[in-house]
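The chain contents come next:
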Amino acid sequence: MLVTFLTFIGICSFASWVYENFRTPVLLLFRGLTQVSSNSFPEKYGPWAVITGGSDGIGKGYANYLARQGMKVLLIARNEAKLKKVSQEITEKYGVETKILVTDFSKGEQVYHGLETELSSLDIGILVNNVGVINEKPIRLEAMDQKLLWDLININVGAATLLCNILIPAMKRKRRGLIVNISSLSALAPTPYLAVYAATKAYMTSFSQALRQELLSYEVECQTVSPGYVETNMTEYLTQPNAPEKHFTQQLVKVKDFLHYAGYTIGKVDTTCGHWTHGIQTALLKILPDWLKLRVYTRLYTHLLHKFSN
């Protein structure tokens, strides 16, 4: 009797793992082969795409990808010079209309009234919640500057939450739209010495998946993207000439390669790692029970803490 019960539990656990890790690639393959709609992104979702953190890295990658699909692009970030440069590049390359909004999300509540006023005049079909910050390297919580702690909360949690609050009513009325929330593979388990950042990404995953259920009946899509290491300014500390862990550089996915896959998943799946290599990493981590994932993350980031402290 006990053997039968344990066998049943094992089969259920294996079936759950298979579903979680093969659902996205199977859906991606199936919908890639069967979707025959000729509607462009602007026709399906609406003419304007808003990308936060659009001046660099993954945000800039999404801006280019969506412009290539014919979307008009509104870039939001705090560096005006970078925004103007990216905006000009996109207009010249793809011939689409672009706008910029210089916004520092670290300022918290005070920025959203002006944002809401600016965004209300546009027919926004896609929102990419990409903006984020991370501590420069693994660090103990008590050693972190309080300004950085507030930045992690205001930027990583506040920006996506408030922008969804602002833009969802219009998407619901029009019964169309897409929200792309950029989470992280670090959301899979608590991450010592990256504790606050990982917690903000766990929030993003939970928030995004719950929001998807709220929006289903309104035909508004919500996709959660949980990448591993991508070569951006947020992982720059791993690529410095004096970085102690050179092998990490070889594991970083280029933004162009990331968007080649992540962009293809838009409109096809509601959750993705954004790149097939990150999907393999996620599947392997999900084999482990929570206590063992925590042990793995603790060992990895304790090692990095000591390396970068030296």
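Residues numbered from 1 in each chain as written. Predicted model: local features only at pLDDT ≥ 70, side-chain atom pairs only at ≥ 80, totals over all residues. Heavy atoms only, no water.

1. Considerations on the sheet that holds strand β2 (residues 72-77)
Taken in spatial order, the 7 strands of this open sheet run β3-β2-β1-β4-β5-β6-β7, and their pairing is parallel. A strand with exactly one partner marks an edge of an open sheet, and here the two such strands are β3 (98-102) and β7 (271-272). The sheet contact formed by β2 and β3 spans 5 bridges and is parallel. What sits directly across from leucine 74, in β3, is lysine 99. In the packing of helix α4 (residues 80-94) onto the sheet, the strands contacted are β2 and β3, and the crossing angle to β3 comes to about 170°. Against the sheet, helix α6 (residues 146-174) touches β1 (48-52), β4 (124-129) and β5 (178-182), its axis set at about 165° to β4. (Pairing = 2+ DSSP bridges. Helix = DSSP H or I, 4+ residues; strand = E, 2+ residues; numbered from the N terminus. Contact = heavy atoms within 4.5 Å. Axes fitted to C-alpha atoms, helices over the stretch in contact; angles between N-to-C directions.)

2. Structural notes on the pattern of salt bridges
One pass over the structure, following the stated rule, counts 11 salt bridges. Between arginine 175 and glutamate 219 there is a salt bridge, with the nearest N and O atoms lying 3.4 Å from each other. Of the two residues, arginine 175 sits in the loop between α6 and β5 while glutamate 219 sits in the loop between α7 (195-215) and β6 (221-225), which places them 44 residues apart along the sequence. Using a relative accessible area of 39% as the deciding quantity, one classes arginine 175 as partly exposed. For glutamate 219, a relative accessible area of 52% gives the class exposed. Connected through salt bridges with shared partners, the residues Asp123, Lys174 and Arg176 form a single ionic network. (Salt bridge = Lys/Arg side-chain N within 4 Å of Asp/Glu carboxyl O. Buried < 20%, exposed > 50% of the residue type's maximum accessible area, 1.4 Å probe, protein only.)

3. Focus on helix α11 (residues 290-309)
End to end, α11 covers 28 Å across 20 residues, agreeing with the expected 28 Å (1.5 Å per residue, within 8%). Those residues of α11 that fall on the buried side of the exposure criterion are Lys293, Tyr297, Tyr301, Leu304, Leu305 and Phe308. Taken down its axis, α11 places every buried residue within 105° of arc, on the same side. Facing away from the buried surface of α11 by more than 90 degrees, the exposed residues are Trp291, Arg295 and Arg299. (Expected span 1.5 Å × (residues − 1). Arc of directions from axis to C-beta.)

4. Side note on the packing of aromatic side chains
Considering all chains together, one arrives at 4 aromatic pairs under this definition. Seen from their ring centres, phenylalanine 105 and tyrosine 112 are 6.1 Å apart, and the 40° between their planes marks the pair as tilted. This pair shows no difference in class: phenylalanine 105 is buried, exactly as tyrosine 112 is. Judged by centre distance (5.7 Å) and plane angle (10°), the ring pair of tyrosine 203 and phenylalanine 207 falls under stacked. Here tyrosine 203 and its partner phenylalanine 207 are both found in helix α7, 4 residues apart, which amounts to about one turn of the helix. On the basis of relative accessible area, tyrosine 203 is assigned to the partly exposed category, the value being 30%. Its end group placed over the ring of tyrosine 218, lysine 172 keeps NZ or CZ at 4.5 Å from the ring centre. Geometry around tyrosine 264 places lysine 268 over its ring, the cationic atom sitting 4.1 Å from the centre. (Phe/Tyr/Trp six-rings, centres within 6.5 Å; stacked < 30°, edge-to-face > 60°. Lys NZ or Arg CZ within 6 Å of the ring centre and 35° of its normal.)

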